[in-house]
Amino acid sequence: MLEAMFFIAIAAEAMTAALAAGRRKMDWFGVCLLACVTALGGGTARDILLGHYPLYWVHNPYVLLLVCGAALLTIAMARVVDRLRWPFLLLDALGLVVFTIVGCNVAIEMGQHPLIVIVAGMVTGIVGGILRDVLCNDVPLVFSSELYATVSIVTGVIYYFGLQANLQQDLVMLVAIAVGFALRVVALIRKWEMPKFVYDKDLR
């Protein structure tokens, strides 16, 4: 089930990245590249930081076909896809928590410290979106919008410590996904945000 949700989330991330590329008038190569960076960037960053080789998409190159296929499909169906804002927000929320759990699993299998497990999950969940926004010359949404990284951290904490409590893995996974997904959706609806630091005094 986790693997199925993972592939759905990857496709959804690729499609949202393709729309972002289209709004900036990128060519088809740029669309596919931005989709790959968004969908696979978090896992790539995690693997590099942890020294986990080969990288996920190198070991499983078919995901590149999935990502590029989803991006090209978005080009063909852009007007339809662009109207499906809430379905994609929900898929993005699902992707965030699923990517987080996948990242935690990689770190756990490597025997990493609990803090690193949580960070690995967060990196997997948020870095792709950060790279997308940077390449689009935007301030990353994770730094200025509704709760996002916080949702990933909460999901990772529930998942890791649930496993440490010797609870059944599938149950822990479902609870972590449910809590993280619900928290992200409520944050979107209620517009919950982290406190912002605003300092605009001239330093000269």
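Worth saying up front: this structure is predicted, and the values here are computed from it rather than measured.

1. Overview of the packing of aromatic side chains
Okay, step 1: All told, the structure shown has 5 aromatic pairs when counted by the stated rule.
Okay, step 2: Relative to Phe99, the ring of Phe6 lies with its centre 5.5 Å away and its plane at 75 degrees, an arrangement referred to as edge-to-face. Of this pair, Phe6 sits in helix H1 (residues 2-23) while Phe99 sits in helix H6 (residues 85-109), and the two are 93 residues apart along the sequence.
Okay, step 3: Given the relative accessible area of 11%, Phe6 is considered buried.
Okay, step 4: Here Phe99 falls in the buried class, since its relative accessible area comes to 4%.
Okay, step 5: Taking the centre distance of 5.1 Å and the plane angle of 85 degrees together, the rings of Tyr160 and Phe161 count as edge-to-face.

2. Quick notes on the side chain of Arg46
Okay, step 1: Tracing the backbone through its elements, the reader meets Arg46 in helix H2 (residues 28-50).
Okay, step 2: In terms of polar contacts, Arg46 uses its side chain to reach the side chain of Asp47, at 3.0 Å.
Okay, step 3: Setting aside its immediate chain neighbours within four residues, Arg46 contacts Tyr56, Val102, Gly103, Val106, Ala120, Val123 and Thr124.

3. Focus: helix H9 (residues 169-190)
Given 3.6 residues to a turn, an α-helix orients residues that are three or four positions apart in the same direction.
Okay, step 1: Compared with an ideal rise of 1.5 Å per residue, which puts 22 residues at 32 Å, H9 spans 31 Å between its outermost C-alpha atoms and is within 8% of the ideal.
Okay, step 2: Turning to H9, its buried residues number three or more, namely Val172, Met173, Ala176, Ile177, Gly180, Arg184, Val185, Ala187 and Leu188.
Okay, step 3: You can read the cap of H9 off the contacts: a side-chain oxygen lies 3.0 Å from the backbone nitrogen of Asp170, and it is on Gln168.
Okay, step 4: Lys191 sits one or two positions beyond H9 and adopts a positive phi of about 60 degrees.

4. Things to note about the nonpolar core
Okay, step 1: Counting residues in hydrophobic clusters, the biggest one holds 58 residues, and the most contacted among them are Val67, Val98, Ile126, Tyr159 and Ile177.
Okay, step 2: Of all elements in the fold, only H1, H2, helix H4 (62-76), H6, helix H7 (114-135), helix H8 (149-164) and H9 reach the threshold of two or more residues within this core.
Okay, step 3: Tallying contributions element by element places H1 first for this core, with 14 residues.
Okay, step 4: Apart from the residues lying within four places of it in its own chain, the contact partners of Tyr159 are Ile101, Cys104, Asn105, Ile108, Gln169, Val172, Met173 and Ala176.

5. A short note on the pattern of salt bridges
Okay, step 1: Applying the stated criterion across every chain, the model contains 4 salt bridges.
Okay, step 2: One salt bridge in this structure joins Asp138 and Arg24, with 2.4 Å as the shortest N-O distance. On the criterion of sequence distance, the pair formed by Asp138 in the loop between H7 and H8 and Arg24 in the loop between H1 and H2 is long-range, its members being 114 residues apart.
Okay, step 3: Residues Arg132 and Asp133 are paired through a salt bridge, measuring 3.1 Å at the closest nitrogen-oxygen approach.
Okay, step 4: A relative accessible area of 7% places Asp133 in the buried class.

Reading guide: rules and limits
- Residues numbered from 1 in each chain as written.
- Predicted model: local features only at pLDDT ≥ 70, side-chain atom pairs only at ≥ 80, totals over all residues.
- Heavy atoms only, no water.
- Phe/Tyr/Trp six-rings, centres within 6.5 Å; stacked < 30°, edge-to-face > 60°.
- Helix = DSSP H or I, 4+ residues; strand = E, 2+ residues; numbered from the N terminus.
- Buried < 20%, exposed > 50% of the residue type's maximum accessible area, 1.4 Å probe, protein only.
- Polar contact = N/O pair within 3.5 Å; in protein donor to acceptor, adjacent residues only side chain to side chain.
- Contact = heavy atoms within 4.5 Å.
- Expected span 1.5 Å × (residues − 1).
- Core = buried A, V, L, I, M, F, W, Y, C linked by side-chain atoms within 4.5 Å.
- Salt bridge = Lys/Arg side-chain N within 4 Å of Asp/Glu carboxyl O.

Limitation: the analysis is restricted to geometry and does not speak to function.
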